[in-house]
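Given next are the chains, with one letter for each unit.
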Amino acid sequence: MNDLSLFNFSLKKTLSVLPEALDKAKIKVFVLIFLLNYPKQLAGLYDDIAFNRTDQIKWNVIALLLTTFFLKVILSRPVYFKSLVHLALITSSISVFTALNVHSHHLEILVTQHVYMLVAFSFYGLGRKWGFIYSFINIFSVIYCLYQNETGVYSFVATQYSHITYIFITIINFLVIVFTHYYFHGALYGTIRAKRKMSQDLAKTAKDKTNFLSTMSHELRTPLNSVIGMTNILIQDDPNDQQMENLKVLKFSAENLLSLINNILDFNKIESENIVLEEIPFNVAELFKNIQNALRSKADEKGVDLRMRVDEEITLYRVIGDPTRLSQVLINIVDNALKFTHKGYVSLSAETLSFYDDRLTIRFQIEDTGIGISEEKQQLIFEPFKQAARNVTRMYGGTGLGLPIVKHLLHLSGSEIHISSRVEQGTTFWFDITYRVTDSSVYPPQKEALQEKKDVQKAWKILLAEDNKVNVLIVRKLFALWGISLKVAENGEEAIALLLKEDFDVVLMDIHMPVMDGLETSAVIRKLDDVRKSNVKIIALTASVSEEMKKDVFKVGMNDYISKPFKPEELLQKLKEQMNSSSPL
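Note that the coordinates shown come from a computational prediction; the quantities given were computed from them, not determined experimentally.

Novice: For this particular structure, what's the right way to read the overall build of the protein chain?
Specialist: If you tally the helices and strands in the protein chain, you get 20 helices and 12 strands. Relative to its 585 residues, the protein chain shows a buried fraction of 41%. Taking contacts inside the protein chain between residues at least 6 apart in sequence as the whole, the part at least 24 apart equals 69%. Counting only carbon and sulfur atoms, one obtains 58% of the accessible surface of the protein chain, whose full area is about 32,900 Å².

Novice: I tried to follow the pairing of strand β5 (residues 359-368) on my own but got confused; where do I start?
Specialist: Looking along a regular strand, one sees side chains alternate from face to face of the sheet. The sheet contact formed by strand β4 (residues 345-356) and β5 spans 10 bridges and is antiparallel. Residue pairing in the sheet places Glu351 in a bridge with Arg363 of β5. Joining the antiparallel neighbours β4 and β5 is a turn of 2 residues, in which Asp357 adopts a positive phi near 55°. Relative to strand β7 (residues 426-437), β5 is paired through 10 bridges, and the arrangement is antiparallel. Bridge pairing links Arg363 to Asp432 in β7.

Novice: Whenever I open this one, the packing of aromatic side chains confuses me. Can you help?
Specialist: Here a ring pair, both rings aromatic, is described through the centre-centre distance and the interplanar angle of the planes. Overall, the coordinates contain 10 aromatic pairs when judged by the stated rule. With 6.3 Å between their ring centres and 20° between their planes, Phe97 and Tyr144 make a pair best called stacked. Highlighted residues: Phe97 in helix α4 (residues 81-104) and Tyr144 in helix α6 (residues 128-148), separated in sequence by 47 residues. Given a relative accessible area of 33%, Tyr144 falls into the partly exposed group. With centroids separated by 5.4 Å and ring planes inclined at 75°, the aromatic side chains of Tyr317 and Phe355 adopt a geometry described as edge-to-face. Of this pair, Tyr317 sits in the loop between α10 (312-315) and β3 (319-321) while Phe355 is found in strand β4, placing the two residues 38 residues apart along the sequence. The class of Tyr317 is buried, set by a relative accessible area of 13%. Judged by relative accessible area, Phe355 falls into the partly exposed class, the value being 30%. Members of the aromatic cluster, joined through ring pairs, are Phe97, Phe136, Phe140 and Tyr144. In this structure, Arg307 packs its charged tip against the face of Tyr345, placed 4.0 Å from the ring centre.

Novice: Would you mind going over the pattern of salt bridges with me for this structure?
Specialist: Where charged atoms of side chains with opposite charge meet at close range, the side chains can pair. Applying the stated rule across the entire model yields 13 salt bridges. Ionic pairing is found between Lys197 and Asp201, a salt bridge with its closest N-O pair at 3.1 Å. Here Lys197 pairs with Asp201, and both are found in helix α7 (residues 163-235), just 4 residues apart, close to one helical turn. You can call Asp201 partly exposed: its relative accessible area is 36%. A salt bridge links Arg307 to Asp305; its shortest N-O distance comes to 2.9 Å. Judged by relative accessible area, Arg307 falls into the partly exposed class, the value being 40%. One continuous salt-bridge network, built from bridges that share partners, spans Lys461, Lys487 and Glu502.

So, how was this worked out
Residues numbered from 1 in each chain as written. Predicted model: local features only at pLDDT ≥ 70, side-chain atom pairs only at ≥ 80, totals over all residues. Heavy atoms only, no water. Helix = DSSP H or I, 4+ residues; strand = E, 2+ residues; numbered from the N terminus. Buried < 20%, exposed > 50% of the residue type's maximum accessible area, 1.4 Å probe, protein only. Contact = heavy atoms within 4.5 Å. Areas by Shrake-Rupley, 256 points an atom, 1.4 Å probe, with all protein chains shown as cover. Pairing = 2+ DSSP bridges. Phe/Tyr/Trp six-rings, centres within 6.5 Å; stacked < 30°, edge-to-face > 60°. Lys NZ or Arg CZ within 6 Å of the ring centre and 35° of its normal. Salt bridge = Lys/Arg side-chain N within 4 Å of Asp/Glu carboxyl O.

Structure (structure tokens):
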């Protein structure tokens with residue numbers, strides 16, 4: 001490594017440990033100053049040798065050694081920066097006084113420049129107080145020189161002023177220079193302090209907003225879980241036609257409210273840049289089937305034909321990506337299309353654009369025969385909290401967050417959404433995503449899983465740790481329908497006590513509970529001496545849906561995560577997965 005590379009490395013290493021941009025700037029400026037001292041001092045040394053000025057040679061060599069010392073210390077120990085600046089200013093101030101009042105006894109342009117530089121360096125290197133002090137010291141050297149030497153004052157400039165007037169004007173000029181630095185320094189650092197405080201306030205506000213949304217999410221999703229859960233149970237309880245119609249309306253309204261809450265939370269994650277895409281294998285055809293099942297009832301209620309089409313080539317492979325976020329994008333757009341389509345159809349298709357070197361590029365397209373969007377409003381719908389028209393919210397509901405979330409998720413996927421629409425004729429959205437295929441082997445389409453026999457499920461022993469009475473009632477009713485054995489604990493301490501007495505296959509763990517919360521309880525369970533009990537499968541069952549909560553859930557050793565409100569089939573599927581998994585952790 002050459003000397004220049006070594007110097008650059010040292011400078012970068014020094015700057016990397018400094019948190020403030022202004023501190024980095026100070027270091028850079030003063031390093032540059034010390035570096036520029038070398039050519040100045042070497043030029044002076046050459047002159048001294050040429051004219052045989054022995055005393056000056058000695059002082060120039062000392063100056064070179066001091067410069068090297070300053071440079072080495074400032075690069076290796078930036079914590080001593082202020083001390084070095086003090087030392088440099090003291091030695092320079094002595095040099096100025098000596099040059100003006102011991103050697104030459106008259107002003108020189110180089111010495112005057114030196115004084116201006118020292119004024120600036122003292123202010124911006126040490127602050128206003130020390131800036132004043134060092135400015136006064138060096139300006140005093142100049143004024144004292146002018147006062148002592150009346151004949152050499154005008155050696156470099158012609159003037160019509162008298163000696164006293166010349167000194168007076170010089171003092172005024174220096175005061176202007178000092179006060180200019182003083183007030184501009186104050187304004188600069190005042191702005192920096194205000195900016196830092198504003199940043200701290202904004203960070204606190206963002207944290208408070210996140211905490212508020214997390215709390216509100218929990219408080220809203222908990223009763224929603226009761227509403228949706230009880231509705232699902234009543235729907236399975238063989239209601240008559242009138243009751244079924246009422247229950248479907250209730251379920252539809254509750255799920256719409258849940259969708260609005262989820263959109264608000266996702267938008268908050270987008271603002272906080274907390275969304276990270278997963279990289280897991282999935283099959284697009286299966287994902288389409290799930291979307292169709294989720295939205296078919298809404299399409300049937302409106303009398304709209306919901307169509308799905310996937311190229312045969314796409315059905316054969318698993319691709320690597322984030323199926324959850326892709327589902328969210330597609331459901332948002334298809335659900336939006338169903339909302340604004342009163343007759344005709346809504347179609348969702350996946351078409352192969354290219355397949356090369358295990359890279360499969362798919363075009364996803366959503367087409368409807370709805371009310372359409374005028375050309376001037378087509379970009380507006382991707383802006384948060386905005387709709388294509390003012391009466392849209394009154395007529396159709398919604399927060400105006402669905403499509404902005406879609407736009408951001410596609411941006412994270414390296415794609416962008418396109419739109420083509422004509423008023424009263426319909427709208428088409430499309431976007432392209434390139435996925436990596438897991439392998440070149442043909443993917444066998446999965447057969448639908450057969451329903452577990454009740455005699456197998458009766459062998460399961462499940463412990464529910466939940467303090468909400470309505471949620472306990474819902475889970476009890478669901479488990480009774482499935483024929484699953486259930487024990488209930490109202491808090492973490494009760495859950496641990498029951499687990500120590502009996503063996504359970506799975507623990508459904510609420511997070512927010514009195515006495516001992518779910519995270520604390522899970523951490524205690526994982527430390528139990530009995531290996532079977534410490535390795536029991538734990539599924540978090542909570543209304544908190546933040547990314548931080550998900551991280552905490554897995555950090556304490558839980559096996560899986562279900563957010564409230566949950567779908568009965570989702571809960572049953574999670575239980576099956578844990579019962580069928582080979583290892584508990």
